[in-house]
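Tertiary structure, described
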Amino acid sequence: MSSWFRRRDHNIFTNATSLLVCGLLAGVVVAAAAFPAAAMSGLAAKAGGQTFANLPSELKEFSSPQITRIYASDGRTQLSQFYDEFRSDVPLKDISKNMQNAILAAEDRKFFEHNGVDLKGVARAFVGNSQGGAQQGASTLTMQYVRMSLAYSATNPQEVVDATEDSPKRKITEMKYALQVEKQLSKEQILERYLNVAPFGNQAYGVFAASQVYFNKRPKDLGVAEAAMLAGMVKAPSSFNPTSASGHEQITARRDNYIIPGMVTMGAITQADADEAKKQKVPDKVKQVGNGCAWVSKNYWGFFCDYFYRWWMEQDAFGATEYDRERRLKSGGYRVVTTIDLKGQQAARKEITKRQSDKSQNAVLLAGIEPGSGKVRLLAANRKYKLDDSDNPQNEISSDPKKAKKGLRGTHPNTTNPLLSGGGDIGGYQAGSVFKIFTIIAGLEAGYPLGYTIKTDAQYRSKYKTSPSDSSACAGTDQWCPKNSGKGVGVFTMWSAFAKSINTYFVPLEERAGADKVVAVAKRFGVQFRAKGDRDMADDPDQARGWGAFTLGVTASTPLDMANAYATLAGDGMYCQPTPVENITTKDGEKLDVGKPHCIRATTKDVARAALDAARCPVGDSAQLGACNGSTAGPTKGIVGHPVFGKSGTTDNDKTASLIAGTTKLVVAGYMANPDYAEHRDRMSHDVINPTVQHTLAEYMKGKDKEQFKKPGSTKIAYGDQRSIPNVECDPLGSARSRLESAGFEVSIGGEIDSKCPKGTAAGTNPSGKTIKNGAVIIEVSNGKNEKPENPDPGASTPNGPGRRDGD
């Protein structure tokens, strides 16, 4: 729209159409000649009868497009800006007197003398143009403001044409409006509005933008020469563009020969000031004005900025369509304070750069979310946020063979794809065992406590089906038979199984809780199921019930999804929609509700607290309610130095590696994956992803209080209904099994151990003492190595007294 009102009117009285308004203008001209000081409004009505009086005079309210500025969470550091027209309104008091005087010298030296229409100017233009002399426009500064206002307030293309076309009707309309504007606004208000709406070329609209683009200054700091040059450009920004050779020559001449002398004539400056101003050279280069996320102040803020932009484009509050939302963003003049923590973001980028080059096809992706609010604190990757230059590409050929055959390039080192948050073509990445947390939650919700025991083997014959040709199928069957990455044989609880990531514990637990219930938990905790195949499985109850591999993390997810899922535990079971926004303020100072934390209950407080207690085990912390007996990312606790929880994960053949670690203040999820080709042959390393996540979280937590996680309100969710395990020591195996099964336990026979009991009898149980009702109990078999011979003299003395045996 702006290009339409850049045109100036210098010859509207020269064409034949002008005869149509001669009756009106003749009256105006005669009146102007006879009564130069008279009020225009009355004379116009007398001269032109009802024609002039019937024209509209009330300008529609309008708002010229304004820059929207995006800030970090500190509210001071600007990340980027969005605009359709680079413009930001400033009050007149913040515009230098030099600029105010210069624009009057350039456009309307009698501004403070007329009532909106310069009658003598109109007469002079009419006579001069009719006689074929140099073309004159006679538009006052107020009339020019009217013209731009009409263009900006237009609601359809025809109104824009009417506001800007070269026609007598438009000129008369401007006069009528100008007279009314002068009644409603002071001269200072008109001048302020004009300076804020006028175009200055090179993407600069309004004096604030012009000051930045041409001189990198604030409007209040403009000197005489600078102000005179800017004022000279308004008449024809393209013709007077100082970055072109012809434009530079023309604007220099206009500044030195017309505007600066005019300022002297007006008494705004002295001749000495004028002489000094003319010595200053007109610049031939302009400041490049950034627009959008490609122009973030620091490149490693780009992925967060992109997440903010995508978030904005999904908010119905900013318009019914994406077009409407983008217009609001780029013209609304909002002040947006985002959630990005600059210290955390910098730490993430630093730790990534230490361990993985931007040129690597394997991406290290980190997302950090604040529990209890959903505020996204960091998004970082070993990638440059930028489009690869098609004329001089830096990106390597894609690692996807199909794309490589077509000569398509990958996403390293440059990309604007939402690698961390998903969307577009990015469905996510398999993350492995970090998904086992959903099985724990589903198990707890189904009534299984943290202490629930399952006897595991190296391989488990599940009830789930798979293709007989699948490597995970039991030989010659269609049964899915997952294995552990290690041996993983024994009796495990949720604490110890999560600590050591025992696949053959979590698959039977998933069977008991229901795979569809586990999938439902993941949905509640924010997993988006962006990949179509995953979404179809999750949305179909029958397929979900048979999705045994779900607990092992075969579903695509993003670091942002999983950081928020684990943050839901630390938020006492409240799932908060991820948000990049702290607050949004309109240009009028109104605070908007959009972007504030929106949280819903995903599970009960006790379930969340219990699941989190189990999640302390994998990262080397101590559970408050149970025994971990191991870890998969043990150094995490020592590095972070705060109470922590989380989980590591790996997929088949190490195609991805992940670690999630969190405190009460922040949860960081890190993935190492190939975004271009999931079936690559590289092996992702926990030696890269683990310390990257650990040290990022440690840096964020420096200086913050150590805060312990909350315990469940009832210990029953941890220990369940505890039952005493009968003492079957030295009983025959059949008798021992019968006694234990009668007590309600799931019994299995274990391996041999050294024992004083006769060989082949029960040496004891694992666990012993007490365990959960219906829990697993293993009978340990004596190998007889420590068996004591029978005493030949039953009455002989022994250290334990006559006639007694150890253990009696």
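The rules behind the values
Per-chain numbering applies: the sequence of each chain, read as written, is numbered from 1 onward. Local features in this predicted model are restricted to residues whose pLDDT is 70 or higher, and side-chain atom pairs enter the listing and the counts only when it is 80 or higher, whereas totals over whole chains, interfaces and linings include all residues. Where side-chain values are given, they derive from all heavy atoms of the structure, hydrogens and water being excluded. Helix and strand assignments follow DSSP, with helices taken as H or I runs no shorter than four residues and strands as E runs no shorter than two, numbered in order from the N terminus. Burial classes: relative accessible area under 20% of the type maximum marks a residue as buried, over 50% as exposed, and values in between as partly exposed (1.4 Å probe, protein chains only). Any pair of residues with heavy atoms lying within 4.5 Å of one another is described as a contacting pair. For the accessible areas, the method is Shrake-Rupley and the probe is 1.4 Å, while residue cover comes only from the protein chains on display. For the purposes of these results, a polar contact is taken to be a pair of N or O atoms within 3.5 Å, where, inside protein, one atom must be able to donate a hydrogen and its partner to accept one; residues adjacent in sequence count only when each atom of the pair is a side-chain atom. In this description, the term disulfide denotes a pair of cysteine sulfurs within 2.5 Å. Following DSSP output, two strands are said to pair if at least two bridges run between them. Each axis is a line fitted through C-alpha atoms, taken for helices only over the stretch in contact, and angles between the N-to-C directions span 0 to 180 degrees. Expected span of a helix, by definition, is 1.5 Å for each gap between consecutive residues, and there is one gap fewer than residues. In summary, the pairing rule links any two rings of Phe, Tyr or Trp, Trp by its six-membered ring, whose centres are within 6.5 Å, and it sorts them by plane angle into stacked for under 30 degrees, edge-to-face for over 60 and tilted for everything else. Counting as a charge over the ring demands two things of the Lys NZ or Arg CZ atom: a distance within 6 Å of the ring centre and an angle within 35 degrees of the ring normal. Here is the rule for angles: anything less than 35 degrees is roughly parallel, anything more than 145 is roughly antiparallel, 65 through 115 is roughly perpendicular, and the remaining ranges are oblique. Left-handed is the label given to a crossing in which the near helix is rotated counterclockwise from the far helix by less than a right angle, and right-handed is the label when the rotation is clockwise. In this classification, the charged set is Asp, Glu, Lys and Arg, the nonpolar set is Ala, Val, Leu, Ile, Met, Phe, Trp, Tyr, Cys and Pro, and all remaining amino acids, among them Gly, are polar. Residue-level confidence of the predictor, termed pLDDT, takes values from 0 up to 100. Among buried residues, the Ala, Val, Leu, Ile, Met, Phe, Trp, Tyr and Cys ones that are joined through side-chain atoms within 4.5 Å form a nonpolar core. Any carboxyl oxygen of Asp or Glu within 4 Å of a side-chain nitrogen of Lys or Arg constitutes a salt bridge here.

**Some remarks on the overall build of the chain**
If you tally the helices and strands in the chain, you get 29 helices and 25 strands. Taken over 808 residues, the chain has a buried fraction of 55%. A fraction of 72% describes how many contacts in the chain between residues 6 or more apart in sequence connect residues 24 or more apart. Surface exposure of the chain reaches about 34,800 Å², of which carbon and sulfur atoms provide 48%.

**Overview of the side chain of Thr664**
Here Thr664 shows up in the loop between strand S19 (657-662) and strand S20 (667-673). Relative accessible area serves as the criterion here: at 19%, Thr664 is assigned to the buried category. At a separation of 3.1 Å, a polar atom in the side chain of Thr664 contacts the side chain of Glu707. Beyond its immediate sequence surroundings of up to four residues, Thr664 is in contact with Pro371, Glu707, Gln708 and Phe709.

**Some details on the side chain of Thr696**
Structurally, Thr696 is set in helix H27 (residues 686-701). Thr696 sits in the buried class, given a relative accessible area of 0%. If we skip the residues at most four places from it in the chain, Thr696 touches Gly344, Ala347, Ala348, Glu351, Leu366 and Leu378.

**Quick word on the state of the cysteines**
By definition, a disulfide links the sulfur atoms of two cysteine residues through a covalent bond. Counted by the stated rule, this structure contains 5 disulfides. In this model, Cys474 is linked to Cys481 through a disulfide, with the two sulfur atoms separated by 1.6 Å. An S-S torsion of about -105° defines the bridge between Cys474 and Cys481 as left-handed. Cys481 carries the same exposure label as Cys474, and that label is buried. Between Cys576 and Cys599 runs a disulfide, and the two sulfur atoms are separated by 2.0 Å. Disulfide Cys576-Cys599: torsion about the S-S bond near 105°, hence right-handed. In this pair, Cys576 sits in strand S14 (residues 574-576) while Cys599 sits in strand S17 (residues 599-601), placing the two residues 23 residues apart along the sequence. What links to what in the chain: the bonded cysteines, counted in sequence order, pair as 1-2, 3-4, 5-6, 7-8, 9-10.

**Remarks on the pairing of strand S5 (residues 335-338)**
Direction of pairing for strand S1 (residues 68-71) relative to S5: parallel, over a ladder of 3 bridges. Bridging from a neighbouring strand, Tyr71 pairs with Val337 of S5. Across 4 bridges, S5 lies against strand S15 (residues 581-585) in antiparallel orientation. From the neighbouring strand, Val336 faces S15, where its bridge partner is Ile584.

**Here we look at the sheet that holds strand S6 (residues 363-369)**
Spatial ordering of the open sheet is given by S7-S6-S20-S19-S18, a layout of 5 strands whose pairing is antiparallel. Each edge of the open sheet is held by one strand with a lone partner, namely strand S7 (376-381) and strand S18 (645-650). For this sheet, the mean inter-axis angle between neighbouring strands, taken without regard to orientation, is 5°. Strand direction decides the pairing type here: S6 and S7, joined by 5 bridges, are antiparallel. Directly across from Gly368, in S7, lies its bridge partner Leu378. Against the sheet, helix H16 (residues 342-355) touches S6 and S7, its axis set at about 25° to S7.

**Concerning helix H14 (residues 302-313)**
Over its 12 residues, H14 runs 16 Å from end to end, which matches the ideal 16 Å to within 8%, given 1.5 Å per residue. By the criterion of burial, H14 is predominantly enclosed, with 10 of the 12 residues buried.

**Remarks on the packing of aromatic side chains**
Geometry of an aromatic ring pair is reported as the spacing of the ring centres plus the angle between the planes. For the structure shown, the criterion picks out 25 aromatic pairs. Centroid distance Phe82 to Tyr309: 5.9 Å. Interplanar angle 10°. Geometry classified as stacked. Of this pair, Phe82 sits in strand S2 (residues 78-82) while Tyr309 sits in helix H14, and the two are 227 residues apart along the sequence. Ring geometry for Phe529 versus Trp547: centroids 6.4 Å apart, planes at 50°, classification tilted. Of this pair, Phe529 sits in the loop between helix H21 (515-524) and helix H22 (532-539) while Trp547 is found in the loop between helix H23 (541-545) and strand S13 (556-557), placing the two residues 18 residues apart along the sequence. Joined through ring pairs, the aromatic side chains of Phe82, Phe308, Tyr309, Trp311, Trp312, Phe318 and Tyr334 make up one cluster. Note that Arg335 overlies the ring of Tyr71, its terminal NZ or CZ placed 4.4 Å from the centroid.

**Observations concerning the packing of helix H11 (residues 224-233) against helix H12 (residues 245-265)**
Packing of H11 against H12 leaves a shortest axis separation of 9 Å and a crossing angle of 110°. In this view, H11 runs roughly perpendicular relative to H12, as classed from their interaxial angle. Where H11 crosses over H12, the handedness of that crossing is right-handed. Along the contact surface, H11 presents Val224, Ala225, Ala228, Met229, Ala231, Gly232 and Met233, while H12 presents Ile251, Arg254, Arg255, Ile259, Ile260 and Met263. Partitioning the contact of H11 with H12 into residue classes produces 10 nonpolar, 1 polar and 2 charged.

**Examining the confidence of the model for the chain**
Averaged over every residue, the pLDDT of the chain is 88; residues scoring 70 or more account for 87%. When the criterion is pLDDT under 50, residues 1-26 qualifies, and its contacts beyond four places in sequence or with other chains add up to 66 contacts. Long-range and interchain partners of residues 28-49, a stretch whose pLDDT sits below 50, account for 24 contacts in this model, where long-range means more than four residues apart.

**Digging into unusual backbone geometry**
Put simply, His412 and Pro413 share a cis peptide bond, and its omega is 5°. Mapped onto the elements of the fold, Pro413 is located in the loop between helix H17 (401-405) and strand S9 (414-415).

**Overview of the nonpolar core**
Formed by 100 residues in total, the largest nonpolar core has its most connected members in Trp312, Ile437, Phe438, Tyr505 and Met562. No other element matches the 8 residues that H14 contributes to this core. In this structure Met562 touches Val434, Phe435, Phe438, Val527, Ser557, Ile660, Ala669 and Tyr671, once residues within four positions along its chain are discounted. Ranked by size, the runner-up nonpolar core spans 67 residues in total, among them Tyr145, Tyr152, Ala209 and Ala231.

**A closer look at the pattern of salt bridges**
Across all of its chains, the model carries 42 salt bridges by this definition. Across the pair Asp221 and Arg218 runs a salt bridge whose closest N-O atoms are separated by 3.4 Å. On the basis of relative accessible area, Arg218 is assigned to the partly exposed category, the value being 47%. The salt bridge involving Glu741 is made with Arg737; its shortest N-O contact spans 3.3 Å. Of the two residues, Glu741 and Arg737 both sit in helix H29 (residues 733-742), 4 residues apart, roughly one turn of that helix. Since its relative accessible area comes to 41%, Glu741 is described here as partly exposed.

**What to know about the sheet that holds strand S16 (residues 591-592)**
Strand order in the open sheet formed by 5 strands is S2-S1-S5-S15-S16, with mixed pairing between adjacent strands. Of all the strands in the sheet, just S2 and S16 have a single pairing partner and so form its edges. Set on the sheet, H14 makes contact with S1, S2, S5 and S15; between it and S2 the angle comes to about 40°.

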